[in-house]
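Results of the structural survey
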Amino acid sequence: QGAENPPASNPCPTLQRKVKNLQGSVLILILDLLEDGFGEHPFYHCLIAEVPKEGQTGSSCIVGYAMYYFTYDPWIGKLLYLEDFYVMEPYRGLGIGSEILKTLSQIAIKTNCSCMHFLVVIWNKPSIEYYVRRGALDLSTEEGWHLFRFDKENLLRMASGE
């Protein structure tokens, strides 16, 4: 989803909860997720996987999501960058992740992207195997890329000319 309005089931608390569970502390607020993802110029888009709540007609709960955005590479052109992809443990193996990847692939093709990029932490062997089974290439071994980051402190230092 990623439109001018958040979906009926707001994914932002789920996104924030997942980040907190993985990292122990949250650096981003739900308000930031709402402002950055839903507005005139969203920084990201989000696909949501929902299932009906047991015993509650017309009510659903979020069981997975994919957060993505578009970027550009001067060698290969437009690409879809999959920033985060998650399906709750009890709902894995039911085809939800495959449907999300199918939809992301359709979006990438429709928008003339040349590929989809994403990161997987080195210790997450099940996810690495999941993506490789579907045809993903590990660019860290195939092409020798390294991931770098300038943190906010260094951005401020460089922006001030230090």
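For the chain, an unreviewed UniProt entry supplies the name N-acetyltransferase domain-containing protein and the organism Chrysemys picta bellii. Per its UniProt entry, the chain bears the Sequence similarities (unreviewed entry) comment "Belongs to the acetyltransferase family."

Once that is clear, we can look at the overall build of the chain. Tallying secondary structure elements over the chain gives six helices and four strands in all. Starting at the N terminus and ending at the C terminus, the chain contains elements arranged as α-α-β-β-β-α-β-α-α-α. Taken across its 162 residues, the chain has 27% of its residues classed as buried. Entry remark: accessible area of the chain is about 11,800 Å², with carbon and sulfur atoms responsible for 56%.

Here we come to the nonpolar core. In terms of nonpolar packing, the biggest core is built from 19 residues, with Leu47, Ala66, Leu80, Phe85, Ile100, Leu101 and Leu104 touching the most fellow members. Of all the elements in the fold, those that place two or more residues in this core are β1 (45–52), β2 (60–73), β3 (77–87), α3 (96–110) and α4 (125–133). The greatest single-element share of this core, amounting to six residues, is contributed by α3. With near-sequence residues (within four places) excluded, Leu101 lies in contact with Leu82, Phe85, Met116, Tyr130, Tyr131 and Arg134. In terms of nonpolar packing, the next biggest core, distinct from the first, is built from six residues, Leu33, Phe38, Cys46 and Tyr65 among them.

Of all 11 residues making up β3, eight are buried, and the element is well covered by its neighbours. Taken together, β2 and the strand that follows it, β3, pair antiparallel across an intervening segment of three residues. In this sheet, strand β4 (residues 115–118) lies alongside β3 in parallel orientation, the contact comprising four bridges. Across the sheet, Leu80 pairs through a bridge with Met116, a residue of β4.

To continue, consider the sheet that holds β1. Spatially, β1-β2-β3-β4 is the arrangement adopted by the four strands of the open sheet, whose pairing is mixed. In this open sheet, the two strands that pair with only one neighbour each are β1 and β4. Averaged over neighbouring strand pairs, the angle between their axes works out to 30° when direction is ignored. Two elements, β1 and β2, share eight bridges in a ladder whose sense is antiparallel.

Once that is clear, we can look at the pattern of salt bridges. Tallying each qualifying case throughout the model produces one salt bridge. Taking the shortest distance from any N to any O, the salt bridge between Glu89 and Arg92 comes out at 3.0 Å.

A full pass over the atoms with the stated rule returns seven aromatic pairs. A centroid spacing of 6.3 Å and a plane angle of 80° characterise the contact between Phe38 and Tyr44, whose relative ring orientation is edge-to-face. Here Phe38 matches Tyr44 in class, with each residue buried. Ring centres of Phe85 and Tyr131 lie 6.3 Å apart, and the angle between their planes is 40°; this geometry places the pair in the tilted category. Here Phe85 is found in strand β3, whereas its partner Tyr131 is found in helix α4, with 46 residues between them in sequence. This pair shows no difference in class: Phe85 is buried, exactly as Tyr131 is.

Glancing now at the side chain of Asp84. Note on placement: Asp84 falls in strand β3. We classify Asp84 as buried; its relative accessible area is 19%. Among the polar contacts made by the side chain of Asp84, one reaches the side chain of Tyr65 at a distance of 2.8 Å.

What counts and what doesn't
- Residues numbered from 1 in each chain as written.
- Predicted model: local features only at pLDDT ≥ 70, side-chain atom pairs only at ≥ 80, totals over all residues.
- Heavy atoms only, no water.
- UniProt positions renumbered as here; feature names shortened; annotations may be inferred.
- Helix = DSSP H or I, 4+ residues; strand = E, 2+ residues; numbered from the N terminus.
- Buried < 20%, exposed > 50% of the residue type's maximum accessible area, 1.4 Å probe, protein only.
- Areas by Shrake-Rupley, 256 points an atom, 1.4 Å probe, with all protein chains shown as cover.
- Core = buried A, V, L, I, M, F, W, Y, C linked by side-chain atoms within 4.5 Å.
- Contact = heavy atoms within 4.5 Å.
- Pairing = 2+ DSSP bridges.
- Axes fitted to C-alpha atoms, helices over the stretch in contact; angles between N-to-C directions.
- Salt bridge = Lys/Arg side-chain N within 4 Å of Asp/Glu carboxyl O.
- Phe/Tyr/Trp six-rings, centres within 6.5 Å; stacked < 30°, edge-to-face > 60°.
- Polar contact = N/O pair within 3.5 Å; in protein donor to acceptor, adjacent residues only side chain to side chain.

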